Amino acid sequence: GMGDPALRGTTAPGGSRTDVMAEGWEPGPALVDGGVTPGGAPQRARQHCWSLMTELSEMVQKVVKSSSWWERHGVDISILACSFLLLPAGFLCLRSAQAIPFLAGVLTLGVVHHTLTVKGSHLASHNALTESKSWGKVWAVFFIELCSAFTVEQATYNHVKIHHGYTNVIGLGDSSTWKLPFLNRYVYMFIAPLAVPILTPLVALDLLRNVEWKAALRTLCCMFLGLYCHYWLLLHVSGFQSPWSALLCMLLTRSLLAHPYIHVNIFQHIGLPMFAADRKPKRIHLMSLGVLNLPRNALLDWSFGHSLISCHVEHHLFPSLSDNMCLKIKPIVSQYLKQKKLPYNEDTYSSRLWLFLQRYEELMVHAPPITELVGIQ
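- Per an unreviewed UniProt entry, the protein chain carries the name FADS6 desaturase and comes from Polioptila caerulea.

The structure is reproduced here in C-alpha cells:
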C-alpha cells in the first residue's frame, strides 16, 4: 500500500481527483529496483518494466518522426520570438503617466520575462529548442544566464540530472530545494514568492563555487549584462527618473508570475508518493507515480509551457521533447498509462492550493513518508 494512507485513492479538497494510485492498480514487486520478491523472479520483473517503457517510447517515437519541424520546434520558438517582439511595446507603455497604459506595460514585461526565463530556460536546459547540441548550448547560456541570472551548469545538473533522474527519491530529486520550513504557510505561499527575483541571482552566486572559473566568469558577465540591460532600458526608454523607481519596477515585473511559478513547482511532485534511493520503482512507474498534471491555462501555457503545466507527466517521461510535442503526445501517454492500469495524476490548481494550505506542516515542514510498494518486505 501507500506510505501515506491519507493520499490513497482520495479525492482532493474541492472535488478534484488526485490519482496518486490509479483505480484498481496495485504495484507489485515488479516495480522496484533491486527489490527482493518473495518467490518471484526479479529479472523477469525488470524485463516487464523495461518492455512497458520501450513500447510507449516506440509509440511516441512514431509521432515524433511523423511531425514536422514546425511541430517539433517551430511553435515554441515562435512563442519565444513573439515575446521578444513585445519587449519594445512593454517598455514604451511604461512611459505613460496614465494608469491603464502603465499597467499594460507592467503586465507585458512581466509575461515576457517569465516566458523567456521559465519557458525558454526550461526548454534550453533540456536542449529541446533545437536538434543541434552546439546551438543548444548557446540558447542555454542566453536563456538561463542572460535572461534568468542563473548558472547553466548548476541549473542543468540540479534539474536534468537530479530532479529528472531521481524524481521523488528522498534526498535526491524530492523537490526539497523548494521547502522553507521556517516560514509559515501563508508567508510561503503568498509573500515569499515576491522575493524570487532577488533570491535567484544570490543563489546563483553561491553556486558558482561549484563550477570552473571560466564558467563562473561567463555566468557573472551574463548575469550583469542581463540585469543592467533591463535597468538601462527602464531609465532611458521607459523614462524612469530615479534608480530606485527603476529597480522597483524591475522587481514588480520579475515577480509578476512568481506565485504560480513557486506553486507549480511544489504542486506537481510534493504530496505524491516518495521513495528511498534503494527502493525506487523503474522509470515508467517512478514518473507515473510521482508526477502530476495541472489543467490547461492560457496564461501559464504561454509563459511556462505545456511541459510544466498540463503535460508534466509526459515531460518527465520524455524530457527532450518540446512543449508543443508534449501536448501532441499527451493523448497517447494518458491512454497508454490508463490502459496498463498505471497512475496518471491530474488535479486542479485551486484544489492543490487548498491541499497545501490545509496540510502545509505535513507536506512542506516535516520529512515526507517513504512509500512502500506491495510485495517489498
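## With respect to the overall build of the protein chain
Now for step 1: Regarding its fold elements, the protein chain presents 16 helices and 2 strands.
Now for step 2: Of the contacts made within the protein chain by residues no fewer than 6 positions apart, 73% connect residues no fewer than 24 positions apart.
Now for step 3: When the accessible surface of the protein chain is summed, it comes to about 17,700 Å², and 65% of that surface belongs to carbon and sulfur atoms.

## Some details on the layout of surface pockets
Now for step 1: Its volume calculated, the largest pocket comes out at about 1,500 Å³.
Now for step 2: Lining the largest pocket we find 46 residues, and of these Phe150, Thr177, Trp178, Tyr261 and Asn265 sit closest to its centre.
Now for step 3: Broken down by secondary-structure element, the contributors of at least two residues to the lining of the largest pocket are helix H3 (99-125), helix H5 (152-163), helix H7 (196-207), helix H10 (258-267) and helix H13 (312-317).
Now for step 4: Across the lining of the largest pocket, the residue classes break down as 23 nonpolar, 21 polar and 2 charged.
Now for step 5: If you go around the second largest pocket, you meet 17 residues; those closest to its centre are Leu87, Leu116, Cys147, Gly226 and His230.
Now for step 6: The set of elements that each furnish at least two residues to the lining of the second largest pocket consists of helix H2 (69-93), H3, helix H4 (133-147) and helix H8 (213-236).

## Here we look at the packing of aromatic side chains
Now for step 1: This structure, assessed with the given rule, holds 13 aromatic pairs.
Now for step 2: Their ring planes at 85° and their centres at 5.1 Å tell us that phenylalanine 142 and phenylalanine 143 sit as a pair that is edge-to-face.
Now for step 3: Its relative accessible area of 23% is what places phenylalanine 142 among the partly exposed residues.
Now for step 4: For the ring pair phenylalanine 267 and phenylalanine 356, a centre distance of 5.2 Å and an interplane angle of 45° mean the geometry is tilted. With phenylalanine 267 in helix H10 and phenylalanine 356 in helix H15 (residues 349-358), this residue pair connects regions lying 89 residues apart in the sequence.
Now for step 5: Among the aromatic residues, those joined into a ring-pair cluster are Phe84, Trp135, Trp139, Phe142 and Phe143.

## Some thoughts on the confidence of the model for the protein chain
Now for step 1: Predicted confidence across the protein chain gives a mean pLDDT of 88, with 86% of residues reaching 70 or more.
Now for step 2: For residues 1-30, every residue scores under 50 in pLDDT, and the model assigns this stretch 74 contacts once sequence neighbours within four places are set aside.
Now for step 3: Low confidence marks residues 34-39, where pLDDT is under 50. Its contacts with residues over four positions away, or in another chain, come to 8 contacts.

## Some words on H2
Now for step 1: The end-to-end C-alpha distance of H2, which contains 25 residues, comes to 35 Å, matching closely the 36 Å that a straight helix rising 1.5 Å per residue would cover.
Now for step 2: Taken as a whole, H2 has its buried residues at Arg72, His73, Gly74, Asp76, Ile79, Leu80, Ser83, Gly90 and Phe91.

## A closer look at a nonpolar patch on the surface
Now for step 1: Taken together, the side chains of Ile198, Leu199, Leu202, Val203, Leu205 and Leu220 make up a nonpolar region of the molecular surface, amounting to roughly 510 Å² of accessible area.
Now for step 2: Looking at the nonpolar patch, the element that brings in the most residues is H7, giving 5 residues.
Now for step 3: Note that leucine 199 resides in helix H7.
Now for step 4: Residue class for leucine 199 comes out partly exposed when judged on its relative accessible area of 44%.

## Focus: the packing of H3 against H4
Now for step 1: Put simply, H3 and H4 touch, their axes get as near as 9 Å, and they point 145° apart. Here the hand of the crossing between H3 and H4 comes out left-handed. In contact with His113, Leu116, Thr117, Gly120, Ser121, Ala124 and Ser125 of H3, H4 contributes Gly136, Trp139, Ala140, Phe143, Ile144 and Cys147.
Now for step 2: Partitioned by chemical class, the residues of the contact of H3 with H4 number 7 nonpolar, 6 polar and no charged.

## Structural notes on H5
Now for step 1: Here H5 has its buried residues at Val152, Gln154, Ala155, Ile162 and His163.
Now for step 2: Close packing links the buried residues of H5 with H4, H7, H8 and H13.

## Overview of the UniProt feature "transmembrane region" (unreviewed entry) in the protein chain
Now for step 1: Under the UniProt annotation, the feature "transmembrane region" (unreviewed entry) is placed at residues 186-208 and 215-237.
Now for step 2: Helix makes up 78% of residues 186-208 and strand 0%. Its end C-alpha atoms lie 32 Å apart.
Now for step 3: Annotated as residues 215-237, this span is 96% helix and 0% strand, and its ends, taken at the C-alpha atoms, are 32 Å apart.

Calculation notes
Residues numbered from 1 in each chain as written. Predicted model: local features only at pLDDT ≥ 70, side-chain atom pairs only at ≥ 80, totals over all residues. Heavy atoms only, no water. Helix = DSSP H or I, 4+ residues; strand = E, 2+ residues; numbered from the N terminus. Contact = heavy atoms within 4.5 Å. Areas by Shrake-Rupley, 256 points an atom, 1.4 Å probe, with all protein chains shown as cover. 1 Å grid on protein atoms, 1.4 Å probe; cavity = no way out; pocket = protein on both sides within 12 Å on 5 of 7 lines; lining within 4 Å. Points joined across faces, edges and corners; volume = space filled by probe spheres on them. Nonpolar A, V, L, I, M, F, W, Y, C, P; charged D, E, K, R; others polar. Phe/Tyr/Trp six-rings, centres within 6.5 Å; stacked < 30°, edge-to-face > 60°. Buried < 20%, exposed > 50% of the residue type's maximum accessible area, 1.4 Å probe, protein only. pLDDT = per-residue confidence, 0-100. Expected span 1.5 Å × (residues − 1). Patch = residues over 30% accessible without salt bridge, like charges linked within 9 Å, V, L, I, M, F, W, Y side chains within 5 Å. Salt bridge = Lys/Arg side-chain N within 4 Å of Asp/Glu carboxyl O. Axes fitted to C-alpha atoms, helices over the stretch in contact; angles between N-to-C directions. Left-handed = near helix turned anticlockwise from the far one by under 90°. UniProt positions renumbered as here; feature names shortened; annotations may be inferred.

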